[in-house]
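So you can see what is in the structure, the chains are spelled out below.
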Amino acid sequence: EWGDLRDACTQGRRAPVLPSALEEELERKHFTNGKDDRPAVAELYAAGFKAQFGAAEVLEYAQLGWGDHEAKAVAAVLAAGAAPKLRELNLAGNSIGDEG
């Protein structure tokens with residue numbers, strides 16, 4: 001059924017993070033190939049982030065089981081000016097409280 005498919009596809013979906021936040025996360029990661037690919041991964045993420053969020057007019061994050069933490073992450077992305085063309089943000093059906 002549609003609801004089961006939606007739940008399977010959205011389960012565990014993370015909120016977007018700024019490239020600077022991803023770089024901080026990468027510092028705590030270990031790459032199993034023995035190489036330090038952090039700079040390349042950070043650069044690729046930053047380029048993709050800029051392209052996708054720079055062009056986004058609609059962000060659809062409804063019914064993802066998100067809470068305050070994810071709402072704050074989205075707010076940080078928007079406050080940084082990452083989505084200048086954004087006209088619609090959908091966070092319906094999440095568990096976002098006063099903190100978010």
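Residues numbered from 1 in each chain as written. Predicted model: local features only at pLDDT ≥ 70, side-chain atom pairs only at ≥ 80, totals over all residues. Heavy atoms only, no water.

Draft legend 1. How the structure looks around the pattern of salt bridges. The full count for this structure, using the stated rule, is four salt bridges. The partner of Arg-14 in a salt bridge is Glu-25, with the nearest N and O atoms 2.8 Å apart. With Arg-14 in the loop between helix 1 (2–10) and helix 2 (19–26) and Glu-25 in helix 2, the pair connects residues that are 11 residues apart, well separated along the chain. On the accessibility criterion, Arg-14 (53% relative accessible area) is exposed. Salt-bridge contacts for Arg-38 lead to Asp-36; the nearest nitrogen and oxygen are separated by 2.9 Å. (Salt bridge = Lys/Arg side-chain N within 4 Å of Asp/Glu carboxyl O. Helix = DSSP H or I, 4+ residues; strand = E, 2+ residues; numbered from the N terminus. Buried < 20%, exposed > 50% of the residue type's maximum accessible area, 1.4 Å probe, protein only.)

Draft legend 2. Geometry of unusual backbone geometry. Residue Gln-63 is not a glycine yet carries a positive backbone phi of 55°. Counting through the fold element by element, Gln-63 comes out in the loop between strand 1 (58–60) and helix 4 (68–79).

Draft legend 3. Structural view of the side chain of Glu-25. Looking at Glu-25, the relative accessible area reads 17%, which means it is buried. Engagement of the side chain of Glu-25 in a polar contact is seen with the side chain of Arg-14, the distance being 2.8 Å. Contact partners of Glu-25, with chain neighbours within four places excluded, come to Arg-14 and Val-17. (Polar contact = N/O pair within 3.5 Å; in protein donor to acceptor, adjacent residues only side chain to side chain. Contact = heavy atoms within 4.5 Å.)

Draft legend 4. Molecular detail of the packing of helix 2 against helix 3 (residues 38–55). At a minimum axis distance of 9 Å, the contact between helix 2 and helix 3 shows a crossing angle of 155°. Judged by the angle between their axes, helix 2 and helix 3 are roughly antiparallel. When you trace helix 2 past helix 3, the crossing you get is right-handed. Across the interface between the two elements, Pro-19, Leu-22, Glu-23 and Leu-26 from helix 2 touch Arg-38, Val-41, Ala-42, Tyr-45, Ala-46 and Phe-49 from helix 3. For the contact of helix 2 with helix 3, the residue count by class is eight nonpolar, no polar and two charged. (Axes fitted to C-alpha atoms, helices over the stretch in contact; angles between N-to-C directions. Parallel < 35°, antiparallel > 145°, perpendicular 65-115°, else oblique. Left-handed = near helix turned anticlockwise from the far one by under 90°. Nonpolar A, V, L, I, M, F, W, Y, C, P; charged D, E, K, R; others polar.)

Draft legend 5. View of the environment of Ala-8. Structurally, Ala-8 can be placed in helix 1. Using a relative accessible area of 55% as the deciding quantity, one classes Ala-8 as exposed. Spatially, the C-alpha atoms of Ala-8 and Tyr-61 are 15 Å apart, while their sequence positions differ by 53 residues.

Draft legend 6. Local environment of the environment of Gly-54. On the secondary structure map, Gly-54 appears in helix 3. A relative accessible area of 22% places Gly-54 in the partly exposed class. C-alpha separation for the pair Gly-54 and Arg-14, spaced 40 residues apart in sequence, amounts to 19 Å. Not counting residues within four places of it along the chain, the set of residues in contact with Gly-54 comprises Phe-49, Ala-82, Pro-84 and Lys-85.

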